Amino acid sequence: MPGFELFGDAERKEVNDVLENGVLMRYGFDGMRNGHWKAKELESELQNTFQSNHVQLVSSGTAAVSVALASAGVGAGDEVIMPTFTFVASFEAIMMLGAIPVLVDIDDTLTLNPKAVEAAITSKTKAVMVVQMCGSMGDMNALQNVCNKNNLLLVEDACQAIGGTYNGKPLGSIGDLGCFSFDFVKTITCGEGGAVITNNKDYYINADHYSDHGHDHVGNDRGAETHPFLGYNFRISELHAAVGLAQVKRLPEFLDIQKNNYIVIREALSVIPEVTFRTVPEVGEESYAFLNFFLPDLETARKTSEAFKKNGVDACFHYYDNNWHYIRKWNHLKDMKSLFPISAEVKKGLEYLQTKEYPQSDHYIARNISCLIKLSWTKEEVIARANKMVEIINDICKK
Ligand SMILES: *Cc1c(COP(=O)(O)O)cnc(C)c1O
């Protein structure tokens, strides 16, 4: 997945354009910037890439989720349904707004189970956030139906699925709002950065103002701009946007490499009877950023993960035992370890996490291994890696 693996002359050229005129900020300073508007240019490239009417760049993927929710009016006391398997950013972004994350089970897509979503809806629910984890997606038709029926916002966190599609549409462009991260390890990187995409003009204008102190961005005198409402600072810098601008132009090349490497490993693993793969919706195409497979049980998955590490098969994750991506180890959330007081509403709203169990999520995550697909591997390295993985898994399953 990581675009940083192929960092090169194109990225350096874009950054140098910015360094030469010294305008590191995305807004204003029109006279000094020599015609360079990297953030604006990147937004327009991303409109094409994600086939979306509006794109607002921000400082991170986490900021993108907060800005997306805020732009659609989600805030204090509102419940946002999200999956048990995701990056910690998901609940952080919700809690930043004083809203309440309601965690529900995933299914064999490794994303939200639409039935679990439906069962979790209350009178306080405002939005459903599907996280398109590890390069693939949820059953978007079913999720859209649930949201339409209950008048809920559908937000897509597509941070890990840049380039994947559903029914021919780019992931991120299907819900009311889509969120992307361009942090250092994502398919395309800005170093740090993120984006909110939407076809809703009001949400876009809100995102544009909210991410820059509420500035209305009318005219070309920043000091004279008015503030129609309160905002914060989630701006991206021109330097970061410049890196992203070079990277987005290389996205088709990155996706091609990912797909080729993925296919070699998947075909090799397919011959092992004990291995099954995550479900990808029939109308979906993965971004091929990860290959996810299931083993028969927790013990086999643990042994496989350990043997991979011992034998140099790096970048494969057993999320059941990992602190970042699965609810099992999120004790800081369950115990509400906040530096500052949390509102009574959110405290009460999170009480359920003390006792709630997620056997269905455990059933999938305990048996899942998720392997990052790198861009820098040579053909020989991919084949050698695939063969080694097969050998290790066969060995463990025979014992
Ligand atoms: C990376 C990531 C984020 C957060 O992105 P940052 O840019 O690191 O803040 C959010 N959600 C998911 C699923 C991610 O993988």
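Just above, that's the structure.
Only a predicted model underlies this, so the values are computations on that prediction, with no experimental measurement involved.

**Quick look at the sheet that holds strand β6 (residues 165–166)**
Then step 1. Ordered in space as β7-β6-β11, the three strands form an open sheet in which the pairing is antiparallel. Pairing within the sheet leaves two strands with one partner each, and these edge strands are β7 (169–170) and β11 (284–285).
Then step 2. Across two bridges, the pairing between β6 and β7 is antiparallel. Residue pairing in the sheet places Tyr166 in a bridge with Lys169 of β7.

**Quick look at the side chain of Arg26**
Then step 1. Along the chain, Arg26 turns up in the loop between α1 (9–21) and α2 (38–49).
Then step 2. Within the local environment of Arg26, its side chain forms a polar contact with the side chain of Glu43, the two groups lying 2.7 Å apart.
Then step 3. Discounting residues that sit within four places of it in the chain, Arg26 has contacts with Arg33, Trp37, Ala39, Lys40, Glu43, Gln56, Leu57, Ile236 and Glu238.

**Structural notes on the sheet that holds strand β8 (residues 177–181)**
The strands making up a sheet are joined through hydrogen bonds of the backbone, oriented either antiparallel or parallel.
Then step 1. An order of β1-β9-β8-β5-β4-β2-β3 is seen for the seven strands of this open sheet, with the pairing classed as mixed. Either end of the sheet is taken by a strand with one partner, and the two such strands are β1 (54–58) and β3 (100–104). Neighbour-to-neighbour, the strand axes of the sheet open up by a mean angle of 25 degrees, direction not taken into account.
Then step 2. Relative to strand β9 (residues 194–198), β1 runs antiparallel, the two being bridged by five bridges. Residue pairing for β9: His54 is matched across the bridge by Thr198.
Then step 3. Most of the contacts of α2 go to β1, to which it runs at about 135 degrees, and overall it touches β1 and β9.

**Brief notes about a nonpolar patch on the surface**
Then step 1. Together, Phe4, Phe184 and Val185 line one region of the surface with nonpolar side chains, adding up to about 250 Å² of accessible area.
Then step 2. Residue position: Val185 is located in the loop between β8 and β9.

**A short note on the packing of α1 against helix α8 (residues 238–249)**
Then step 1. The geometry of α1 relative to α8 is characterised by a closest axis approach of 8 Å and an angle of 150 degrees between their N-to-C directions. With respect to α8, the axis of α1 lies roughly antiparallel. When the axes of α1 and α8 are compared, the crossing they make is right-handed. Of the residues in α8, those touching α1 at Ala10, Glu11, Glu14, Val15, Val18 and Leu19 are Glu238, Leu239, Ala242, Val243, Leu245, Ala246, Gln247 and Lys249.
Then step 2. Taken together, the residues of the contact of α1 with α8 sort by class into nine nonpolar, one polar and four charged.

**Structural notes on the site of the ligand**
Then step 1. Taken together, 13 residues surround the ligand, and among them Gly61, Thr62, Ser181, Asp183 and Lys186 come closest.
Then step 2. With respect to the ligand, the side chain of Gln160 contributes an N or O atom lying 2.9 Å from an oxygen atom.
Then step 3. When isolated, the ligand has an accessible area of 380 Å², and the protein chains bury 93% of it.
Then step 4. Within the shell around the ligand, the residues separate by chemical class into four nonpolar, six polar and three charged.

**Looking at the environment of Ser52**
Then step 1. Note that Ser52 resides in the loop between α2 and β1.
Then step 2. Residue classification places Ser52 among the buried positions, given a relative accessible area of 7%.
Then step 3. Excluding its chain neighbours within four sequence positions, the residues that come into contact with Ser52 are Gln47, Ile197, Thr198 and Asn199.

**Points about the state of the cysteines**
Then step 1. Going through the model one piece at a time under the given rule, you end up with one disulfide.
Then step 2. Across a sulfur-sulfur distance of 2.2 Å, Cys316 and Cys371 are joined as a disulfide pair. Measuring handedness by torsion sign, the sulfur bridge of Cys316 and Cys371 sits at about 110 degrees and is right-handed. Taken as a pair, Cys316 in strand β13 (residues 316–317) and Cys371 in strand β14 (residues 368–372) lie far apart in primary sequence, 55 residues in all. You'll find Cys316 and Cys371 in the same group, each marked buried.
Then step 3. Cysteine Cys159 remains unbridged, with the sulfur of Cys179 as its closest cysteine sulfur at 6.6 Å.
Then step 4. Between Cys397, a cysteine without a disulfide, and Cys371, which holds the nearest cysteine sulfur, the sulfur-to-sulfur distance is 14 Å.

**Some remarks on the packing of aromatic side chains**
The relation between two aromatic rings is expressed through the spacing of the ring centres and the mutual angle of the planes.
Then step 1. Applying the stated criterion across every chain, the model contains 12 aromatic pairs.
Then step 2. Where Tyr232 meets Phe234, the ring centres are 6.3 Å apart and the plane angle is 55 degrees; that geometry is what we call tilted.
Then step 3. Tyr232 sits in the exposed class, given a relative accessible area of 53%.
Then step 4. Both rings, one in Tyr262 and one in Tyr288, keep their centres 4.8 Å apart while their planes meet at 75 degrees; by these two values the pair is edge-to-face. Separated by 26 residues along the polypeptide, Tyr262 in helix α9 (residues 251–270) and Tyr288 in the loop between β11 and β12 (290–294) bring together distant segments of the chain. Residue Tyr262 shares its accessibility class with Tyr288, and that shared class is buried.

**Some words on the pattern of salt bridges**
Then step 1. On inspection of all chains with the given rule, the structure shows 20 salt bridges.
Then step 2. Salt-bridge contacts for Lys374 lead to Asp314; the nearest nitrogen and oxygen are separated by 3.3 Å. Residue Lys374 is located in the loop between β14 and α14 (379–398), and its partner Asp314 is located in the loop between α10 (298–310) and β13; the two are separated by 60 residues in the primary sequence.
Then step 3. Salt-bridge contacts for Asp314 lead to Arg385; the nearest nitrogen and oxygen are separated by 2.4 Å. One end of the pair, Asp314, is in the loop between α10 and β13; the other, Arg385, is in helix α14, with 71 residues separating them in the sequence.

**Section: the environment of Tyr232**
Then step 1. By the secondary structure assignment, Tyr232 is in the loop between α7 (201–210) and α8.
Then step 2. Separated by 17 residues in sequence, Tyr232 and His215 have C-alpha atoms that sit 9.6 Å apart.
Then step 3. With sequence-adjacent residues up to four places away left out, Tyr232 is seen in contact with Tyr210, Ser211, Asp212 and His213.

What counts as what
- Residues numbered from 1 in each chain as written.
- Predicted model: local features only at pLDDT ≥ 70, side-chain atom pairs only at ≥ 80, totals over all residues.
- Heavy atoms only, no water.
- Pairing = 2+ DSSP bridges.
- Helix = DSSP H or I, 4+ residues; strand = E, 2+ residues; numbered from the N terminus.
- Polar contact = N/O pair within 3.5 Å; in protein donor to acceptor, adjacent residues only side chain to side chain.
- Contact = heavy atoms within 4.5 Å.
- Axes fitted to C-alpha atoms, helices over the stretch in contact; angles between N-to-C directions.
- Patch = residues over 30% accessible without salt bridge, like charges linked within 9 Å, V, L, I, M, F, W, Y side chains within 5 Å.
- Areas by Shrake-Rupley, 256 points an atom, 1.4 Å probe, with all protein chains shown as cover.
- Salt bridge = Lys/Arg side-chain N within 4 Å of Asp/Glu carboxyl O.
- Parallel < 35°, antiparallel > 145°, perpendicular 65-115°, else oblique.
- Left-handed = near helix turned anticlockwise from the far one by under 90°.
- Nonpolar A, V, L, I, M, F, W, Y, C, P; charged D, E, K, R; others polar.
- Near = heavy atom within 4 Å.
- Buried < 20%, exposed > 50% of the residue type's maximum accessible area, 1.4 Å probe, protein only.
- Disulfide = S-S within 2.5 Å.
- Phe/Tyr/Trp six-rings, centres within 6.5 Å; stacked < 30°, edge-to-face > 60°.

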